[in-house]
Amino acid sequence: MVFELNAALSDKLHILSAAAKYDVACTSSGVSRKSKKGELGAAEAAGICHSFAADGRCVSLLKILFTNECIFNCKYCINRCSNDVPRTSFTPDEICQLTMEFYRRNYIEGLFLSSGVMQSPDYTMELICDSLRKLRLEYKFNGYVHCKAIPGASPELVEMAGWYADRMSVNLELPTEAGLKELAPNKTRKNILTPMRQIQAGMAESRAILGMKGGNQSSYWYTQKRMGRSLPGSQENLGFVAGTANNRIPAENAGSKQNTHKGINNNIKNKINADNNLNADDSLNINNNIINNTHNTETALSSRDSVLAQWNRSDTSRGFVPAGQSTQMIIGATGESDYQILSVTEALYQKFDLKRVFYSAFVNVNNDSSLIVNDGQPPLHREHRLYQADWLLRYYGFAAGEILSESRPFFNTYLDPKCDWALGHMEYFPVEINTASYNTLLRVPGIGVKSAGRIVNARKTGRLDFNALKKMGVVLKRAIYFITCNGRMMYDFLKVEEDYITRNLVSGETDVVKGFGDSITYKQLTLFDDFQLGKL
Amino acid sequence: MDKPVRIYQCENSPDGILSAVFEAGISGYGHNYIKIQPLDQDSIYNIELFSEYIKVETSAKKAGNVLETIESRISHEAVFFVMSALLSEDGDRGNVIYQFVTYGFTIGQGITKALQLECVARIFEIKRKVHNEAHFYKEFIRFQEVKKVPSVLMAKIEPKNRVLTLVTAHFEDRFNAEYFIIYDKSHKEASFHSADGGCIIRILTEDEEKKLDSLLDVNEKYADLWKIFFNSIAVEERKNYKLQRGNLALHYRKYMTEFMENN
């Protein structure tokens, strides 16, 4: 290991940004905040992508590691302690200066700070908290900050970071317990899920105290609400009642020092001590074992105690982690099926109230022979399908079991998950555009969230026909097989039949709307059958 | 027999176009026979046969009147649509605004959602183009510190539509304590913001343009650091220039630090 402690700022930046690039969380969204007079920075609820890197990904934050020294030896990571790479660290001042100056030139929306584990999780987390405190209080930065929680850090430090950051995340790394044990033996499920649970509880309480300013809800939450289903992050999921008079702590008077301080120490530590089941083996029972086991330990949290110790915070107006939390899973390093990954995703949204789950296609940087799946090419297509399915969960009201199942655990290579579902459920189609509900319209391939909203609104002024749909941005090339306008399909020859539609959708060239004919076939043409020479 | 089409010619400015809408509106000639043509001094226009040409004087009072009427008889959102269309450089915007407003007086509030109507779809498209371009420039605009004491930031953009006000408003908030200049090269305008919060926009003379251009010729430590960062963060195995070009069109890269060779 080579230590470069006195490297120039440019070298440090080069090393520590290259080391951070495999963390794919890229959004700068979720929080809308006006600037404070005399101070630099504001935040936008919709994302702002300041640039796009050569791999096509959005660049919106200064994504760096505090240090790439690490005592862990995770097999997939380029910074693992057994690798021989130059190691260096930033100082908190350097991080603050870089953030401020880049922000002033409109290169970034804010800071994304992760880190390798230097000496111990608590030691590292303390350095991170110190940088964030400096950035917010000394340099007076009011832009977006995304902070990673180090697995195994103590709850006090996780909470401290949460008051300074807009978003926090802890990487799940692998979808199953077995995978994590195999590839990252230093990280345990318990160390990862405990801070997640803490942040979730803290956010719920912050919302109870500050209203929506204390934190936004996730898109999954809004979709579940719209569908009339039980909401994630609600009482049943958390095991404590937020917002009742009992545990509402007024911001200016945080109760007696002892009580609220006890809140963190007793509740979270009790939970950790009482929790013996988080390490249970789970291979396929992901929903049931892992996630529910943390749920069960919530019984340690009584409804009266708070999880937030506000006594050491002077300014809580930003709320606790207002932009929510996210996580990341590596795809393709271990042998889980798409169905397993998607089930874990759904459980995370439901039980931990996450904003986003990110998928990172496994890039084989270490060429470690003990890695189970050692292919060469990162599974980009699979990652793409997973993101498509993730969108279906968060915006379209699908459940993971509708998209995939135990008997069909992998995605269709040729068709996106929504088309695939539609073709497997032709009994729901065709859908009449002028009368269908919003949720039904969302199920039609070719109609997305925006188009469905426009259709519902435009219907109030008059009937719609196919021409109008085209103007509204509906992808008619896909949708024509599934919809009727005023009772008629767009072309009389369209067959509402699975094989015909599949052939048309899968082949790139057929565009019935552009007039490529009504009888598309791919069988070998023969003189006698197709040209009817036999009849002569 | 069909009536001859009336073409109202006006100045190529928001007030001019709204004045033409006013004149056309009160004439009661019939919206199917009215066209509005904003005139640019430099361009050459074809004269149509069998059409009447009427020159409209620009009047701020008439323009204000039109906006007030839209606000009261249709909705605030409709005013927003019309204002956004006025920021665009689309030659057809006069016609589209006129048709939109006429239909709006009949239909009322719901007009802004009635995308099945031709004129509404068109004005929606124009508004979307303008705001998308403003959003892109908020993302891709790059400032440089052209002066150290006091610190002055300056940026240059070359938009197709008149998005300077939209972009400036965004930075007025987040850079509220900074001196900054945003120079719009295609429309020869610039906005100047002072650290105490005041902001002005003015049309530039040739000399002023040259001076601003010369200010941008600086070598910056943080610009170099940004280039280092930008080049480090791409994952080699996922390189995809086509995707990058789809997300970040080439013509936006002209004044972006990370894509510029020198500086």
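In short, a report on the structure. What you see is a predicted model, and the numbers here were worked out from it, not measured in a lab. (Residues numbered from 1 in each chain as written. Chains lettered and ligands numbered in written order. Predicted model: local features only at pLDDT ≥ 70, side-chain atom pairs only at ≥ 80, totals over all residues. Heavy atoms only, no water.)

Regarding the overall build of chain A
Point 1. Counting its secondary structure elements, chain A contains 20 helices and twelve strands.
Point 2. Counting across all 536 residues of chain A, residues that qualify as buried make up 58%.
Point 3. Roughly 21,400 Å² of accessible area belongs to chain A as shown, and the carbon and sulfur atoms make up 51% of that amount. (Helix = DSSP H or I, 4+ residues; strand = E, 2+ residues; numbered from the N terminus. Buried < 20%, exposed > 50% of the residue type's maximum accessible area, 1.4 Å probe, protein only. Areas by Shrake-Rupley, 256 points an atom, 1.4 Å probe, with all protein chains shown as cover.)

Quick look at the overall build of chain B
Point 1. Secondary structure assignment for chain B yields nine helices and eight strands.
Point 2. The C-alpha extent of chain B, read off along each of the three principal axes, is 70 × 45 × 35 Å.
Point 3. Counting across all 263 residues of chain B, residues that qualify as buried make up 48%.
Point 4. Within chain B, contacts between residues at least 6 apart in sequence are counted, and of these 64% link residues at least 24 apart.
Point 5. Carbon and sulfur atoms make up 53% of the accessible area of chain B, which amounts to about 13,400 Å² in all.
Point 6. Distance from the positive charge centre (34 side chains) to the negative charge centre (39 side chains) of chain B: 3 Å. (Contact = heavy atoms within 4.5 Å. Lys, Arg positive; Asp, Glu negative; His and termini not counted. Charge placed at Lys NZ, Arg CZ, Asp CG, Glu CD.)

Overview of the sheet that holds strand E8 (residues 199-203) of chain B
Residues and elements named next belong to chain B.
Point 1. Read across the open sheet, the five strands follow the order E4-E5-E6-E7-E8; overall the sheet is mixed. Among the strands making up the open sheet, the edge pair consists of strand E4 (144-147) and E8. Neighbour-to-neighbour, the strand axes of this sheet turn through a mean angle of 25°, independent of strand direction.
Point 2. Sheet topology note: the strand E7 (residues 189-193)/E8 ladder contains five bridges and is antiparallel. When the sheet's bridge partners are listed, serine 191 is paired in E8 with isoleucine 201. (Pairing = 2+ DSSP bridges. Axes fitted to C-alpha atoms, helices over the stretch in contact; angles between N-to-C directions.)

Here we look at the packing of aromatic side chains
Between two aromatic rings, the relevant description is the distance of the centres plus the angle of the planes.
Point 1. Within this structure, the stated rule accounts for 32 aromatic pairs over all chains.
Point 2. Measuring from centroid to centroid gives 6.4 Å for A:Phe102 and B:Tyr222, while their planes differ by 85°, and the two rings are edge-to-face. Taken together, the residues span two chains, with A:Phe102 in helix H2 (residues 92-104) and B:Tyr222 in helix H8 (residues 221-232). Each member of the pair, A:Phe102 as well as B:Tyr222, is classed as buried.
Point 3. We note B:Lys3 situated over the ring of B:Tyr29; from NZ or CZ to the ring centre the distance is 4.2 Å.
Point 4. When the ring centre of B:Phe259 is taken as reference, the NZ or CZ atom of B:Arg253 above it lies at 4.6 Å. (Phe/Tyr/Trp six-rings, centres within 6.5 Å; stacked < 30°, edge-to-face > 60°. Lys NZ or Arg CZ within 6 Å of the ring centre and 35° of its normal.)

Re helix H14 (residues 417-424) of chain A
Point 1. Counting buried positions along H14(A) yields seven of eight residues, so the element is predominantly enclosed.
Point 2. Listed in full, the buried residues belonging to H14(A) are A:Pro417, A:Lys418, A:Cys419, A:Asp420, A:Trp421, A:Ala422 and A:Leu423.

Notes on empty space enclosed by the protein
Point 1. Taken as a whole and assessed by the stated rule, the structure comprises nine cavities of 30 Å³ or more.
Point 2. Roughly 590 Å³ of internal volume is contained in the largest cavity.
Point 3. Lining the largest cavity are 32 residues; nearest its centre among them are A:Tyr76, A:Cys77, A:Asn171, A:Glu173 and A:Lys187.
Point 4. Elements that contribute at least two residues to the lining of the largest cavity include exactly strand E9 (325-331) and strand E10 (356-361) of chain A.
Point 5. Residue composition of the lining of the largest cavity, grouped by class: 19 nonpolar, eight polar and five charged.
Point 6. Residue lining of the second largest cavity: 14 residues in total, with A:Arg57, A:Cys58, A:Val59, A:Lys63 and B:Ile233 positioned closest to the centre.
Point 7. Going through the elements one at a time, strand E3 (58-59) and strand E4 (61-65) of chain A are the ones with two or more residues in the lining of the second largest cavity.
Point 8. Tallied by class, the residues present in the lining of the second largest cavity amount to nine nonpolar, one polar and four charged. (1 Å grid on protein atoms, 1.4 Å probe; cavity = no way out; pocket = protein on both sides within 12 Å on 5 of 7 lines; lining within 4 Å. Points joined across faces, edges and corners; volume = space filled by probe spheres on them. Nonpolar A, V, L, I, M, F, W, Y, C, P; charged D, E, K, R; others polar.)

What about the interface of chain B and chain A?
Point 1. At the junction of the two partners, chain B supplies 55 residues and chain A supplies 60 residues.
Point 2. Interface of chain B and chain A: buried area, both sides summed, is about 4,900 Å²; carbon and sulfur atoms make up 57% of it.
Point 3. Taken together, the connections running from chain B to chain A amount to six salt bridges.
Point 4. Among the salt bridges present, the one from A:Glu109 reaches B:Arg174, with a minimum N-O distance of 2.7 Å.
Point 5. One can count 30 residue pairs in polar contact (both at pLDDT 80 or more) joining chain B with chain A.
Point 6. Elements represented by at least two residues in the side of chain B that touches chain A include exactly helix H5 (118-140), helix H6 (164-174), H8 and helix H9 (241-247) of chain B.
Point 7. In the side of chain B that touches chain A, the residues fall into 28 nonpolar, eleven polar and 16 charged. (Buried area = accessible area lost by both parts, 1.4 Å probe. Salt bridge = Lys/Arg side-chain N within 4 Å of Asp/Glu carboxyl O. Polar contact = N/O pair within 3.5 Å; in protein donor to acceptor, adjacent residues only side chain to side chain.)

Quick word on the pairing of strand E2 (residues 34-39) of chain B
Residues and elements named next belong to chain B.
Point 1. Note: strand E1 (residues 5-11) against E2, six bridges, orientation parallel. Counterpart to cysteine 10 in the pairing with E2 is proline 38.
Point 2. Of the crossover connections in this fold, the one passing from E1 over helix H1 (residues 14-27) to the parallel E2 is right-handed. (Right-handed = clockwise from strand over helix to strand, strands pointing away.)

Digging into the packing of helix H3 (residues 121-138) of chain A against helix H4 (residues 155-164) of chain A
For any two helices packed against each other, one specifies the inter-axial angle together with the distance between the axes.
Residues and elements named next belong to chain A.
Point 1. Between H3 and H4, the shortest axis-to-axis distance is 9 Å and the interhelical angle comes to 25°. Judged on the interaxial angle alone, H4 and H3 are roughly parallel. The way H3 lies across H4 gives a crossing that is left-handed. Residues Asp122, Met125, Glu126, Cys129, Leu132, Arg133, Arg136 and Leu137 of H3 form the contact with H4, whose participating residues are Leu157, Val158, Met160, Ala161 and Tyr164.
Point 2. When the residues that make up the contact of H3 with H4 are grouped by side-chain class, the tally is nine nonpolar, no polar and four charged. (Parallel < 35°, antiparallel > 145°, perpendicular 65-115°, else oblique. Left-handed = near helix turned anticlockwise from the far one by under 90°.)

Some thoughts on the nonpolar core
Point 1. Judged by nonpolar contacts, the single largest core of 194 residues is most densely connected at A:Phe102, A:Met168, A:Leu469 and A:Phe482.
Point 2. Looking at this core element by element, the count peaks at nine residues for H5(B).
Point 3. When sequence neighbours within four positions are dropped, the list of residues in contact with A:Met168 reads A:Met125, A:His146, A:Cys147, A:Ala149, A:Val158, A:Ala161, A:Gly162, A:Ile199, A:Val321, A:Gly324, A:Gln325 and A:Ser326. (Core = buried A, V, L, I, M, F, W, Y, C linked by side-chain atoms within 4.5 Å.)

A word on the layout of surface pockets
Point 1. Space inside the second largest pocket adds up to approximately 400 Å³.
Point 2. Taken together, 13 residues line the second largest pocket, and the ones lying closest to its centre are A:Val449, A:Lys450, A:Gly453, A:Arg454 and B:Phe124.
Point 3. Elements supplying a minimum of two residues to the lining of the second largest pocket: helix H16 (449-458) of chain A together with helix H3 (76-86) and H5 of chain B.
Point 4. In terms of residue count, the dominant contributor to the lining of the second largest pocket is H16(A) (five residues).
Point 5. Among the residues forming the lining of the second largest pocket, the class breakdown is five nonpolar, three polar and five charged.

So, the pattern of salt bridges
Point 1. The full count for this structure, using the stated rule, is 36 salt bridges over all chains.
Point 2. A salt bridge links B:Lys62 to B:Glu23; its shortest N-O distance comes to 2.5 Å. One end of the pair, B:Lys62, is in helix H2 (residues 60-73); the other, B:Glu23, is in helix H1, and 39 residues separate them in sequence.
Point 3. What makes B:Lys62 partly exposed here is its relative accessible area of 24%.
Point 4. Among the ionic pairs, B:Asp213 bridges to B:Lys156, the shortest N-O distance being 2.6 Å. Of this pair, B:Asp213 sits in helix H7 (residues 206-215) while B:Lys156 sits in strand E5 (residues 152-157), placing them 57 residues apart in sequence.
Point 5. In this structure B:Asp213 comes out as partly exposed when scored by relative accessible area, which is 30%.
Point 6. Through salt bridges with shared partners, a single network forms among A:Glu101, A:Arg104, A:Arg105, B:Glu145, B:Glu178 and B:Glu220.

Purely geometric numbers; function is a separate question.
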